[in-house]
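Summary of structural features
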Amino acid sequence: MVTTRTRFYGQTLDVQHHSAPTETLAERRQRWSTLLLQQHYQPVISEVLDQELPKHVTSAIIDSTDRISHMRECTLILASAPLVFAAALDGSLIRRLSIDTDLQKEYAVIQEQAHDQPSIYIHLLADDNGVAPTPNQYLQIRDMVQDYLAQGQLSTHAWQLDNITPPKVSIAASAQGHRKYLHTSNRSSIRVDTLRRFCDGVQARVSETPTLLRDTPFSFPPGECGYSRNSHLRLLQHRARQSSNYVMNLVEDICTYLHRTRRFQQHFRMHQYMIYLIFRPAQAAIAEIFCSGLLQVWVENGGGFNAYPAGRSVATARRVSLEKWSAHETWVRQQSPVDANMRLQQERAEEWNKALEWKPPVVAEDEEMAEASATENTNNRYACA
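Residues numbered from 1 in each chain as written. Predicted model: local features only at pLDDT ≥ 70, side-chain atom pairs only at ≥ 80, totals over all residues. Heavy atoms only, no water.

Description of the packing of helix 2 (residues 41-52) against helix 3 (residues 67-80)
- Close contact between helix 2 and helix 3 brings their axes to 10 Å; oriented N to C, the two are set at 125 degrees. Between helix 2 and helix 3, the crossing angle belongs to the class labelled oblique. With respect to the hand of their crossing, helix 2 and helix 3 are arranged in right-handed fashion. Residues Y41, Q42, I45, S46, L49 and D50 of helix 2 lie in contact with helix 3, whose contacting residues are R67, H70, M71, C74, T75, L78 and A79.
- Here the contact of helix 2 with helix 3 is built from residues that sort into seven nonpolar, four polar and two charged. (Axes fitted to C-alpha atoms, helices over the stretch in contact; angles between N-to-C directions. Helix = DSSP H or I, 4+ residues; strand = E, 2+ residues; numbered from the N terminus. Parallel < 35°, antiparallel > 145°, perpendicular 65-115°, else oblique. Left-handed = near helix turned anticlockwise from the far one by under 90°. Contact = heavy atoms within 4.5 Å. Nonpolar A, V, L, I, M, F, W, Y, C, P; charged D, E, K, R; others polar.)

What follows is the structure, given as structure tokens:
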């Protein structure tokens, strides 16, 4: 979060542009990234909350009707976000971290602070150069998932996929239908349905891509987003496949298998990053919800591997003392341009409110009507005389 920027830009943009029904995932993310680069927070926040809050109507974690509070926290998130956060939003994080020394220094500070401060982390699917799969490669991954889901017939690849990473699955168990990423105590219908939604999402994302671009890497790598009080530990758990995301893990194993069998020249894998440090207890749930929405990491649209509403597993935030939260907020205010950026948002809001201070000239109209009426009465008197 260490940076010298204040992020004031002189560029202009039509912030009244609204999301069209035919807008693709890539177009939406590019538009949001451009708006945020120019610090037009409100339209982006409104769009993301419009998409995400309806998922939490029955939630006991957040009040989906308290839109003002959520907008305030989202504004604070954007105003205090590090450059790493912006790079994640524009799809360049993996590549830039390998060459940008300023970004590397900032990220080292974030990693150190995250030992003590709750944070938002992400996984991005790409090769070691930060290149995401192409739409046609994503279809090959989809086909492997569909083969893995096969029931009542032998899967061509299930046993190989289930033995890419521990724990191993015996060939006998595989022949009997056991699938590591589908079974809990038994074959899980919920997991099957989720993976089918993932397959539908991949098809949807590919279908919205022009045919001529389907061998061009995605501009925005498929991703996963989560919250943790200790992201270092949580990311180690993900890497060890402990209490992890089975959609993401299956896809990573498929990519390894396709690389080993030379169907993919590149080795796509999940790259882990911490992108935002939470500094207020009210941010924990909404930060995961908002960041997941910004990154469009949902299985339904082919954007990633998150299948369940965000912000529901943030109980550890309550274990952070008020003294700690106060220290985190002080640190963020010292190390980020949050105060300057919030002032800019307030100035823009005040300017807009002043622009809306318009009232019809009711009094002037009344005076003109009275004058016209008096003139008419005078004329009538002369006529009678």
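Section: the sheet that holds strand 2 (residues 223-228)
- If you walk across this open sheet you meet the three strands as 2-1-3, and the pairing is antiparallel. Single-partner strands in this sheet number two, and they are strand 2 and strand 3 (269-277). Pairwise comparison of adjacent strand axes, ignoring direction, gives a mean angle of 25 degrees for this sheet.
- Two strands pair when backbone bridges link them, and strand 1 (residues 119-126) and strand 3 are joined in this way by eight bridges, in the antiparallel orientation. (Pairing = 2+ DSSP bridges.)

As for the pattern of salt bridges
- Taken as a whole, this structure holds 15 salt bridges when the rule is applied.
- Note that K324 and D116 form a salt bridge whose closest N and O atoms lie 3.0 Å from each other. Remark: D116 occurs in the loop between helix 6 (101-113) and strand 1 and K324 occurs in helix 14 (residues 322-335); sequence separation between them is 208 residues.
- Residues joined by salt bridges that share partners form a network here, namely E23, R28, R31 and E47. (Salt bridge = Lys/Arg side-chain N within 4 Å of Asp/Glu carboxyl O.)

Structural notes on the packing of aromatic side chains
- Overall, the coordinates contain seven aromatic pairs when judged by the stated rule.
- Between the aromatic rings of Y107 and Y273, the centroid separation amounts to 6.0 Å while the plane-to-plane angle is 65 degrees, which identifies the pairing as edge-to-face. Residue Y107 is found in helix 6, and its partner Y273 is found in strand 3; the two are separated by 166 residues along the sequence.
- Through pairs of rings, three or more aromatic residues link up here, namely Y138, F198, F218 and F305.
- Above the plane of the ring of W298 lies K55, whose end atom (NZ or CZ) is 3.8 Å from the centre.
- The ring centre of F218 lies 3.9 Å from the NZ or CZ of R205, which sits over that ring. (Phe/Tyr/Trp six-rings, centres within 6.5 Å; stacked < 30°, edge-to-face > 60°. Lys NZ or Arg CZ within 6 Å of the ring centre and 35° of its normal.)

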